[in-house]
Each structure stands twice: as C-alpha cells, then as structure tokens.
Amino acid sequence: MSPVGIRRRTVLGAALALGACKGSARAQLSVDRGPPPPLKSLVPFPIGCAVMAPELAQADYAELLVRNVSQLTPEWEMKMEYILKDDGTFRFDAPDAIAAFARSHGLRLFGHNLIWYANPVAAFQRIDGSGKAFADAYRNYILAVAGRYRGQAVGWDVVNEPVNEDGEGLRDCLWSKNLGLDYIRRALDHAQEADPDAILFINDYFLESIPRKRATFLRMAEDLLRAGAPLKGLGTQTHLSADLPAGAIRTAMKDLASLGLQIHLSEMDVSLNRARRMFASSADLERAQSRLYAEAADAFLALPERQRFAFTVWGLRDKDSWLRGPKENPGPQLDAPLLFDDAGKAKDVFWTLADAFRSGPRAG
Ligand code: G3I
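Every chain begins its residue count from 1, and numbering advances along the sequence as written. Confidence filtering applies because this is a predicted model: local features only for residues at pLDDT of at least 70, side-chain atom pairs given and counted only at 80 or more, and all residues used for totals across whole chains, interfaces and linings. Where side-chain values are given, they derive from all heavy atoms of the structure, hydrogens and water being excluded.

In this section: the overall build of the protein chain. A tally of regular secondary structure across the protein chain gives 13 helices and nine strands. Total accessible area on the protein chain stands at roughly 14300 Å², and carbon and sulfur atoms take up 54% of it. Secondary structure elements follow DSSP: runs of H or I no shorter than four residues count as helices, runs of E no shorter than two count as strands, and numbering proceeds from the N terminus. Here the accessible surface of atoms and residues is derived via Shrake-Rupley with a 1.4 Å probe, and residues count as covered only by protein chains that are part of the display.

Looking now at the confidence of the model for the protein chain. The pLDDT averaged across the protein chain works out to 91; a share of 89% of its residues lies at or above 70. Mean pLDDT across the elements of the protein chain bottoms out in helix H1 (residues 12-30) (43) and peaks in strand E9 (residues 308-313) (99). As a per-residue quantity, pLDDT reports the predictor's confidence and falls between 0 and 100. Every residue pair with non-hydrogen atoms within 4.5 Å of one another is taken to be in contact. Note on residues 4-28: pLDDT under 50 across the span, and 39 contacts to partners over four residues away in sequence or across chains.

In terms of nonpolar packing, the biggest core is built from 112 residues, with Trp156, Phe311 and Phe357 touching the most fellow members. It is helix H12 (residues 282-301) that provides the largest number of residues to this core, a total of 10 residues. Definition used in this section: a nonpolar core is a set of buried Ala, Val, Leu, Ile, Met, Phe, Trp, Tyr and Cys residues joined via side-chain atoms within 4.5 Å. When accessible area is computed with a 1.4 Å probe and restricted to protein chains, residues below 20% of their type maximum are described as buried, those above 50% as exposed, and intermediate ones as partly exposed.

With that out of the way, let us pick up the packing of helix H11 (residues 248-257) against H12. Helix axes are fitted only over the stretch in contact, all axes being lines through C-alpha atoms; the angle between N-to-C directions runs from 0 to 180 degrees. Closest axis-to-axis distance for the H11/H12 pair is 8 Å, and the angle between their directions is 25°. The pairing of H11 with H12 is recorded here as roughly parallel in orientation. You can see that H11 and H12 cross each other, and the crossing is right-handed. Note on element contacts: H12 touches H11 through Leu292, Glu295, Ala296, Asp298, Ala299 and Phe300, opposite Ala248, Ile249, Arg250 and Met253. Roughly parallel refers to an angle under 35 degrees, roughly antiparallel to one over 145, roughly perpendicular to one between 65 and 115, and oblique to any angle outside these ranges. A crossing counts as left-handed when the near helix is turned anticlockwise from the far one by less than a right angle, and as right-handed when that turn is clockwise.

Residue Asn113 is reached from His112 by a cis peptide bond, and omega for that bond is -15°. With respect to the helices and strands, the residue Asn113 is situated in strand E3 (residues 108-116). Even without glycine at this site, Phe206 takes up a positive phi of about 65°. One can find Phe206 in the loop between strand E5 (199-204) and helix H10 (211-226).

Moving on: the packing of helix H7 (residues 132-148) against helix H9 (residues 182-194). Two numbers describe how H7 lies on H9: the axes approach to 8 Å, and their chain directions differ by 40°. Between H7 and H9, the angle falls in the class oblique. Regarding H7 and H9, the two cross each other, and that crossing is right-handed. Facing Ala135, Tyr138, Arg139, Ile142, Leu143, Ala146 and Gly147 of H7, the residues of H9 in contact are Tyr183, Arg186, Ala187, His190, Ala191, Glu193 and Ala194. The nonpolar class holds Ala, Val, Leu, Ile, Met, Phe, Trp, Tyr, Cys and Pro. Asp, Glu, Lys and Arg form the charged class, and all remaining residues, Gly among them, are polar. The class makeup of the residues in the contact of H7 with H9 is nine nonpolar, two polar and three charged.

With that out of the way, let us pick up H10. When the terminal C-alpha atoms of H10 are compared, their 22 Å separation across 16 residues agrees well with the 22 Å that a helix rising 1.5 Å per residue should span. For H10, every residue scored as buried is listed here: Lys213, Arg214, Thr216, Phe217, Leu218, Met220, Ala221 and Leu224. As for H10, its buried residues are in contact with H9, E5, strand E6 (233-236) and H11. The span you would expect from a helix comes to 1.5 Å times its residue count less one.

In this section: the packing of aromatic side chains. Under the pairing criterion, centres of Phe, Tyr and Trp rings, with the six-membered ring standing for Trp, must be within 6.5 Å; the plane angle then separates stacked pairs below 30 degrees from edge-to-face pairs above 60, leaving the rest tilted. In total, this model carries 19 aromatic pairs according to the counting rule given. Taken together, a centroid distance of 5.3 Å and an interplanar angle of 50° make the contact between Phe340 and Phe350 tilted. With Phe340 in the loop between E9 and helix H13 (348-359) and Phe350 in helix H13, the pair connects residues that are 10 residues apart, well separated along the chain. Across the pair, exposure class does not vary: Phe340 and Phe350 are buried alike.

Let's shift gears to the pattern of salt bridges. Any carboxyl oxygen of Asp or Glu within 4 Å of a side-chain nitrogen of Lys or Arg constitutes a salt bridge here. Counting across every chain of the model gives 17 salt bridges. Between Arg185 and Asp189 there is a salt bridge; the shortest N-O distance is 3.0 Å. A residue pair is termed a helical-turn pair when its members lie 3 or 4 positions apart in one helix, as Arg185 and Asp189 do in helix H9 at four residues. Take Asp189: its relative accessible area is 27%, and that puts it in the partly exposed class. One salt bridge in this structure joins Asp318 and Lys347, with 2.7 Å as the shortest N-O distance. Of this pair, Asp318 sits in the loop between E9 and H13 while Lys347 sits in the loop between E9 and H13, placing them 29 residues apart in sequence. Summarising the burial analysis for this pair, Asp318 and Lys347 share the class buried. Where salt bridges share partners, they join Arg33, Asp355 and Arg358 into one cluster.

When the terminal C-alpha atoms of helix H5 (residues 93-104) are compared, their 16 Å separation across 12 residues agrees well with the 16 Å that a helix rising 1.5 Å per residue should span. Those residues of H5 not exposed but buried are Ala94, Pro95, Ile98, Ala99, Phe101 and Ala102. With its buried residues spanning 160° around the axis, H5 presents them on a single face. Turned more than 90 degrees away from the buried face of H5 sit Arg103 and Ser104, all of them exposed. Here the buried face of H5 lies against strand E1 (47-51), helix H2 (53-56), helix H3 (59-68), strand E2 (71-74), helix H4 (80-83) and E3. Working note: the arc is built from the helix axis to C-beta atom directions.

Take the pairing of strand E8 (residues 262-271) next. Judged by how many residues are buried, E8 sits mostly within the fold: nine of 10 residues are covered. DSSP-based pairing: two strands are paired if at least 2 bridges between them are found. Of the pairings in the sheet, the one linking E6 to E8 comprises four bridges and is parallel in character. For Thr236, the partnering residue across the bridge sits in E8 and is Leu265. Bridge count for strand E7 (residues 239-241) against E8 is three bridges, and the pairing is parallel. Its bridge partner being in E8, Ser241 is matched across the sheet by Ser271. Relative to E9, E8 is paired through four bridges, and the arrangement is parallel. Note on E9: the bridge partner recorded for Met268 is Val313.

What follows is the structure, encoded as structure tokens:
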C-alpha cells in the first residue's frame, strides 16, 4: 500500500561526499538566520502540504500552514476509505471542512484520491462481480466525489499507486478484477465528466528508487495518452529514505517530465529511521536528508515552468508524519522526516530547502 519497505542502498559515496561539506554546511546553518521565510514566497509554483481536518482547528498549526503553503492535499479524509461508509452512504464532513479552510485562506485544494488499490471498501466488496452494477457504482462514486468539489479542487489523484511495487506490471485489485485494467481509463473519463476543468493525475511512489517501476509507470501513461485518456499530470510521491543515492531524484524527474505532462512532486518526506544503520552518525544522516530535499528542489526547479504543478510535502511538523505511526498512537522510534520539528520550529533541513528554492533553476 505505501512505501513501507523502502529499499536499502549502499551510499558510501554520498556519505563521503557529505563528509566533505559538513563543516561549512553545519556552520552556516547553525548561525541564527532570523525568522524563516514563508516557503511559498520563495518560488513561483504552489507549495503543498498534506493535512487532516482536526489539525486545522489547532491555531498554531493553522498559522504555520497558511504562512508556508499555498495548496492543501487531504491526507486521509478525501479517500474512499473515509467517504464511503459500509452501508454505501457518504460522509463529507471532514473533506468539506478542509475545502472550506482552503477557500477561506485562499489556498488551492488538491483532491487525493479517487481510486486506490488499497481501498477495497466494504460497500464495493458487496457488489464484487456484479458486472454492470459494479461499473455503474464505480462511475457514480467518482461523479459524486469529484463533482462535489468541482470548481474547488484544482486537480485530482484520480488513480493512486497502480503499478506493482517491484515495477513488474500493474497491480491486481478490486477495481481491475471487476473492470479490467480499463479501470484506470474509466476513472479518468468519469473524473473529467464530473469536473472538466480539473487537472487529472496518476500518482505513485518509489519512482526515484526503482527505475523499473518508473518505466512501467511511464509506459502506462503513454498508453493512456495514446488512447486519448484525459491524463494531464503525473504525481511522484517522493517518500524517500535518507540513503537514496545522489542523482536519483534528478534522473527520475527528467524521465517523468519527458511526456510533457504537469508534474506534481506530491508527498515528499525523507525518513531517517529507514536509513539509520547506513550512516555513521545522526549528523551524517541529517545531512543526507538535507541533500535529498535540496536535490528535489533543484530537480523541480529545472522543470519547464508549464510542467511545475506543485511541490508538496507530506506533513509540516515531524509529529504530523505518517512515519510516526497512527496519530493516535505514535510509534516508539520517532522519525524526523519533515521540515519543522514537533514544536513547529524550522529545522536545518527547512533552511537547506529554502536556500535551494532561492537559488533558482540550475542547469544539468
Ligand atoms: O482517525 C482515525 C481514528 O479515529 C480511528 O480510530 C483509527 C482506527 O480506525 O483510524 C484513524 O484514521 C487513520 C488515519 O490515517 C488518520 O490517522 C486511518 O486508519 C489510517 O488508514 C490513515 O492512514 C493514512 C494512509 O495514507 C491510509 O489512508 C495516513 O495518514 C496517510 O499519511 C497515508 O498516506 C499515503 C497516501 O495516501 C498515498 N501515498 C502513501 C502515503 C503514506 O502511506
């Protein structure tokens, strides 16, 4: 379902390279740099963030969010697993609250997600194998949800994570079982029918660390475009482990941009815990994390302006991260994958990203 088993990499080269710059980097970042600039003020494209409705009621969180970001992605409450109740009725309280917050604060809203292999919810399980009834319910769900946020959501992750994790072909799921692989094309068509102005994406993960998965993802996108599907954007989630080799993000971004579609760097975080044993010290681990955020900024800035949809992080404060486990019951080993610490203070990695954004597009 999600990047739980991020693959390991031998990164001796990256660690050594980091060692060479650590002195200057650390010294520069340890100097008091005054109040952190709003991230969204540093770049011409939207800065997005994953949010949940209850967080928006926390004044300090809401202030930090509105100061830094210009687009919201519902992290959970706009998914089928939240909206479609077991009895087949819908609940929109939380997604409506997120949409209202976005509207009242002049922020874009990005819909996530309509169809996901990981959401084979009971209401659809009950009509599994029902042929036309299933197909009609599938269309009706997409029309109801994408239609509800028509004119509010600037775009949608129409299908999330269709490619097998190892990159070998597309996933088998409740949707492909009932509709064949045409479920992807149908979802795009139904979403366009619901909201003709929405920018329609397909979104996946590990596109940086598993080239074979990226190739399968791109072949799928090319096939859809060739068939005339209303696919307008590609989402690369960018859930990374700090041991990802240097250059992998840049290579992936160039490949993904090759179709000319809009690119959403859609869910960035960089896990320290998943790479901890690969580095000699926490300081080296944090420098590797900073390097990856900077590379992501450089790679995104190097895209043609028309292809830069948004740069989205999967949470603001470390304690907001899914990598901490369920929010109700965070895990013991506290990962620190995001830009702000638990108290909402900008970390060194925030300043590294801000500096990369300020430095503007770089060749190569
Ligand atoms: O809030 C409820 C709580 O009331 C209830 O008691 C509890 C047990 O059912 O569930 C709680 O909701 C959980 C929700 O997160 C809020 O914490 C859901 O169970 C849990 O499934 C949900 O997890 C989300 C996950 O997607 C599945 O939807 C994560 O927050 C979210 O970060 C994660 O995001 C995914 C992207 O959508 C796709 N890419 C990978 C990414 C990380 O897995």
